[in-house]
Amino acid sequence: MKKVGIIGVGEYLPKKVLTNADLEKMVDTSDEWITTRTGIKQRRMVGRGEATSDLAIKAAKRAIAETSIKPEELDLIIVATITPDMAFPSVACLLQNALHAKHAISFDISAACAGFVYAIAVAQQFIARGGCRNALVVGAEVLSSITDWKDRNTCVLFGDGAGAAVLAEAKSGGILSTYLGSDGSKADLLRLPGGGSRHPATQATIKKRLHFIKMQGNELFKLAVTTMANAAQQALKRAGMECKDIDMVIPHQANMRIILAMAKKLGLAKEKIYFNIAKYGNMSSASTATALCEAVKEGRIKKGDVVLLDAFGSGLVWGACVIRW
Ligand code: ACO
């Protein structure tokens, strides 16, 4: 099996900023509540007419530009998203066309907030077994399109954005282990009920607000802490490592308190964790993707460092990945 590493990262965040003060004018909430309960101060929103593929294209171009690979040399494109431009074709195919990556296999992955980690694990398999030489992996979301702006329980949490990574064979280091899991018995805790084959769009589904995110936050909170801590331990075990060997953790950014509770369980210092939740909120698959990109650009991840990606989301799904940078 070939070793596989990440050779380029990129991100794109839409320009429009929605602050907690803006939300105070929309629903019965306060900057104080949002900040203390979640750690979020602001989030980005797409402009009119801007869709998930638009964000994915910009992030992908930035990641590719960091490598010597030309778009037409890409073998595989995987986009992790729960907010595709439309049910089909996939965002990955729209991206392939925009990049003129005419030789690439392209498909989307639906694994919510763990989507970027799932996509990295899948791309790694393709490259490690020799089926592909390289892969472009993107986490891109326009969560504002499925957010109920009248529901204070959820509308303060989410944002829009995209992050991308290019994977290729590595001479040394690279991805040391991956650990993925799922539990469909808890699917009801976080879902978008309307718009699929169960509840196709009708006037009734619109009236019942079924086309917006429904979430049982309290229950998810506890599961997120224990599941992310366990996923980290399992991925480290597979890599033959312990928590003390980690240089930087890139966790899914659902809630600052979830991340800190998970870190406490693992005995991890706050300095070893990368946060971008205050700026962007929860961007589902784009959260880990952009956090990884920013940690690299800011020099928080250096060559030779051991990096842990760790994510949890609707499904339920979870995934962790240990990388020697
Ligand atoms: N402003 C003010 N008050 C609010 C707001 C708000 N925006 N939202 C809720 N409240 C109120 C509630 O109505 C409740 O009031 P009550 O006690 O009078 O009923 C009170 O605040 C406490 O509500 P809780 O739900 O208990 O608040 P909690 O501390 O659990 O925080 C939160 C809620 C932030 C949603 C938290 O539970 C959370 O982060 N959950 C996990 C989310 C997650 O991990 N999702 C999975 C990944 S996301 C993905 O896959 C797309």
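Numbering of residues starts from 1 in every chain and runs along the sequence as written. Local features in this predicted model are restricted to residues whose pLDDT is 70 or higher, and side-chain atom pairs enter the listing and the counts only when it is 80 or higher, whereas totals over whole chains, interfaces and linings include all residues. Note: side-chain values were computed over all heavy atoms of the structure, leaving out hydrogens and water.

## Some points on the overall build of the protein
Part 1 of the argument: Helix and strand content of the protein: 11 helices and 13 strands.
Part 2 of the argument: It is over C-alpha atoms that the radius of gyration is taken, and the globule rule equals 2.2 Å times the number of residues to the power 0.38. Taken against the 2.2 N^0.38 rule, which gives 20 Å for 325 residues, the C-alpha radius of gyration of the protein at 19 Å falls within 12% of a compact globule.
Part 3 of the argument: Each of the three principal axes of the protein carries a C-alpha extent, and together these read 55 × 45 × 35 Å.
Part 4 of the argument: In what follows, residue pairs with any heavy atoms lying within 4.5 Å of each other are defined as contacts. Partitioning the contacts of the protein with sequence separation of at least 6, the portion at a separation of at least 24 is 75%.
Part 5 of the argument: Counting only carbon and sulfur atoms, one obtains 52% of the accessible surface of the protein, whose full area is about 14,200 Å².
Part 6 of the argument: Neither His nor the chain ends contribute to the count of charged residues, in which Lys and Arg are positive and Asp and Glu negative. We put the charge of a Lys on NZ, of an Arg on CZ, of an Asp on CG and of a Glu on CD. The protein carries 42 positive and 30 negative side-chain charges, and their two centres are separated by 2 Å. Numbering of helices and strands runs from the N terminus; a helix is a DSSP stretch of H or I covering at least four residues, while a strand is a stretch of E covering at least two. Residue exposure ignores everything except the shown protein chains as possible cover, and the areas themselves are Shrake-Rupley values with a 1.4 Å probe.

## Structural notes on the environment of Ser 90
Part 1 of the argument: Following the sequence through the fold, Ser 90 ends up in the loop between strand S4 (76-80) and helix H4 (91-99).
Part 2 of the argument: Spatially, the C-alpha atom of Ser 90 lies 9.2 Å from that of Ile 109, the residues being 19 residues apart in sequence.
Part 3 of the argument: Apart from residues no more than four positions distant in its own chain, Ser 90 is found in contact with Ser 106, Phe 107 and Asp 108.
Part 4 of the argument: Counting of polar contacts relies on pairs of N or O atoms within 3.5 Å, with two restrictions inside protein: one atom must be capable of donating a hydrogen and the other of accepting it, and residues adjacent in sequence are counted only when both atoms are side-chain atoms. There is a polar contact of 3.1 Å between the side chain of Ser 90 and the backbone nitrogen of Cys 93.

## Describing the pattern of salt bridges
Part 1 of the argument: The term salt bridge refers to a pairing of a side-chain nitrogen on Lys or Arg with a carboxyl oxygen on Asp or Glu at a separation within 4 Å. A complete count under the given rule lists nine salt bridges for this structure.
Part 2 of the argument: Lys 41 is the partner of Asp 31 in a salt bridge, and the nearest nitrogen-oxygen pair spans 3.2 Å. Of the two residues, Asp 31 is situated in helix H2 (residues 31-38) and Lys 41 in the loop between H2 and strand S3 (42-45); the sequence distance between them amounts to 10 residues.
Part 3 of the argument: The exposure class of Asp 31 is partly exposed, given its relative accessible area of 28%.
Part 4 of the argument: Across the pair Asp 75 and Arg 133 runs a salt bridge, and its minimum N-O distance is 2.9 Å. Within this pair, whereas Asp 75 is found in the loop between helix H3 (52-65) and S4, its partner Arg 133 is found in the loop between helix H5 (115-128) and strand S6 (134-142), the two being separated by 58 residues in sequence.
Part 5 of the argument: Look at Asp 75 and you get buried, because its relative accessible area is 12%. Throughout this description, buried means an accessible area under 20% of the type-specific maximum (1.4 Å probe, protein chains only), exposed means over 50%, and partly exposed covers the range between.

## Notes on the site of the ligand
Part 1 of the argument: If a single non-hydrogen atom of a residue is within 4 Å of a molecule or strand, that residue counts as near it. Taken together, 27 residues surround the ligand, and among them Thr 29, Arg 37, Cys 113, Arg 152 and Asn 255 come closest.
Part 2 of the argument: Within the backbone of Arg 152, a nitrogen or oxygen atom sits 2.8 Å from a nitrogen atom of the ligand.
Part 3 of the argument: At 3.0 Å, a backbone N or O of Gly 217 approaches a nitrogen atom of the ligand.
Part 4 of the argument: Mapped by element, the contributors of at least two residues to the shell around the ligand are H2, helix H6 (152-155), helix H8 (217-238), helix H9 (256-266) and strand S12 (306-313).
Part 5 of the argument: For the shell around the ligand, the element with the highest residue contribution is H8, accounting for four residues.
Part 6 of the argument: Under the grouping applied here, Gly and all other residues not named as nonpolar or charged are polar, the nonpolar ones being Ala, Val, Leu, Ile, Met, Phe, Trp, Tyr, Cys and Pro and the charged ones Asp, Glu, Lys and Arg. Here the residues of the shell around the ligand are counted per class, giving 12 nonpolar, 11 polar and four charged.
Part 7 of the argument: Where each domain begins and ends is defined by an automated method or by a domain database. Residue assignment places the shell around the ligand across two domains, with domain 1 (4-172) and domain 2 (176-324) each supplying three or more.

## A short note on the domain arrangement of the protein
Part 1 of the argument: For the protein, the assigned domains read domain 1 (4-172) and domain 2 (176-324).
Part 2 of the argument: Here the C-alpha centre of domain 2 lies 14 Å away from the C-alpha centre of domain 1.
Part 3 of the argument: At the interface, 47 residues of domain 1 touch 43 residues of domain 2.
Part 4 of the argument: Both faces combined, the contact of domain 1 with domain 2 buries some 3,600 Å², and carbon together with sulfur accounts for 65% of it.
Part 5 of the argument: Here domain 1 and domain 2 share two salt bridges between them.
Part 6 of the argument: Between Asp 148 and Arg 209 there is a salt bridge, and its shortest N-O distance comes to 2.8 Å.
Part 7 of the argument: Inspection of the domain 1/domain 2 interface yields 19 residue pairs in polar contact (both at pLDDT 80 or more).
Part 8 of the argument: At the level of secondary structure, the elements contributing two or more residues to the side of domain 1 that touches domain 2 comprise strand S1 (4-12), H2, S3, H5, S6, H6 and strand S7 (160-169).
Part 9 of the argument: Ranked by the residues each element gives to the side of domain 1 that touches domain 2, the list is headed by H5, at seven residues.
Part 10 of the argument: Grouping the amino acids of the side of domain 1 that touches domain 2 by side-chain chemistry returns 22 nonpolar, 15 polar and 10 charged. In this description, buried area is defined as the sum, over both parts, of the accessible area (probe of 1.4 Å) that is lost when the two are combined.

## Details of the packing of H3 against H4
Part 1 of the argument: Axis lines are fitted through C-alpha atoms, for helices just across the contact stretch, and the angle between N-to-C directions can take any value from 0 to 180 degrees. Viewed as axis vectors pointing N to C, H3 and H4 meet at an angle of 55°, and their least axial separation amounts to 10 Å. Taken together, the axes of H3 and H4 lie oblique to each other. Crossing angle aside, the handedness with which H3 passes H4 is right-handed. Mapping the contact onto sequence places Thr 52, Ser 53, Ala 56, Ile 57, Ala 60, Lys 61 and Ile 64 in H3 and Val 91, Leu 94, Leu 95, Ala 98 and Leu 99 in H4. Working definition: roughly parallel below 35 degrees, roughly antiparallel above 145 degrees, roughly perpendicular at 65 to 115 degrees, and oblique for all remaining angles. Two helices that cross are described as forming a left-handed crossing if the nearer one is turned anticlockwise from the farther one by less than a right angle, and a right-handed crossing if clockwise.

## Quick look at the packing of aromatic side chains
Part 1 of the argument: Two aromatic rings from Phe, Tyr or Trp, using only the six-membered ring of Trp, form a pair when their centres are within 6.5 Å; if the ring planes differ by under 30 degrees the pair is stacked, by over 60 it is edge-to-face, and anything between is tilted. Under the defined criterion, the tally for this structure stands at one aromatic pair.
Part 2 of the argument: Geometrically, the ring pair formed by Phe 107 and Phe 126 is tilted, given 6.4 Å between the ring centres and 45° between the ring planes. Note that Phe 107 is positioned in strand S5 (residues 105-109) and Phe 126 in helix H5, a separation of 19 residues in sequence.
Part 3 of the argument: A positively charged side chain is recorded as over a ring if its NZ (Lys) or CZ (Arg) lies within 6 Å of the ring centre. The angle to the ring normal must also be within 35 degrees. One Lys or Arg, Lys 270, reaches over the ring of Phe 275 and ends 6.0 Å from the middle of that ring.

## Some points on a positive patch on the surface
Part 1 of the argument: A patch consists of residues whose relative accessible area exceeds 30% and which take part in no salt bridge; residues with like charges are grouped when within 9 Å of each other, and nonpolar side chains (Val, Leu, Ile, Met, Phe, Trp, Tyr) when within 5 Å. On the surface, a cluster of positive charge is contributed by Lys 15, Lys 58, Lys 61 and Arg 62.
Part 2 of the argument: Counting through the fold element by element, Arg 62 comes out in helix H3.

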